[in-house]
Amino acid sequence: MLTHSVFFKLKFPKGSLEEGEFLQGAAKLASIRHVRNFRSVSQLSSKNDFDYGLTMEFDSQEHYDSYSQHPDHVRFVENFWGKYVADFMEIDYEEMV
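What counts as what
Residues numbered from 1 in each chain as written. Predicted model: local features only at pLDDT ≥ 70, side-chain atom pairs only at ≥ 80, totals over all residues. Heavy atoms only, no water. Buried < 20%, exposed > 50% of the residue type's maximum accessible area, 1.4 Å probe, protein only. Helix = DSSP H or I, 4+ residues; strand = E, 2+ residues; numbered from the N terminus. Pairing = 2+ DSSP bridges. Axes fitted to C-alpha atoms, helices over the stretch in contact; angles between N-to-C directions.

Peer 1: Mind showing me how you'd approach the pairing of strand β1 (residues 2-10) here?
Peer 2: The side chains of a regular strand alternate between the sheet's two faces. With seven of its nine residues buried, β1 lies for the most part within the structure. In the sheet, β1 pairs with strand β3 (residues 52-58) via seven bridges, with the strands oriented antiparallel. In the strand pairing of β3, Val 6 is matched with Leu 54. Summarising the sheet, β1 and strand β4 (residues 85-94) pair through nine bridges and their orientation is antiparallel. Among the inter-strand pairings, His 4 is bridged to a residue of β4, identified as Asp 92.

As structure tokens, this is what we get:
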């Protein structure tokens with residue numbers, strides 16, 4: 001099991017139209033084949049500058065690679081990510097058993 005997480009800060013203020021557009025666009029990623037346990041999260045602490053996160057799981061690296069190359073994901077990156085995100089940190093990990 002591979003978990004893909006990305007934490008980010010938007011260029012636009014909380015409650016803005018742009019924030020809503022971005023989060024709605026991100027939610028559609030959950031419907032891409034092989035995405036499991038998709039979650040949009042909001043930062044609660046002040047330990048970093050990121051406001052939001054997206055996390056999802058994949059059964060294998062191959063499934064994650066398929067997601068990364070999926071046309072809906074590519075469109076999201078082109079139409080939203082580059083235009084709306086001010087800063088981010090991506091973490092991909094697997095459980096140690």
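Peer 1: When you look at the sheet that holds β4 in this model, what are you seeing that I'm missing?
Peer 2: Strand pairs in the sheet, formed through backbone hydrogen bonds, run parallel or antiparallel to each other. The antiparallel open sheet is built from four strands, whose spatial order is β2-β3-β1-β4. The open sheet has two free edges, formed respectively by β2 (36-42) and β4, since each of these has just one partner strand. Direction aside, the axes of adjacent strands within the sheet are offset by 15 degrees on average.

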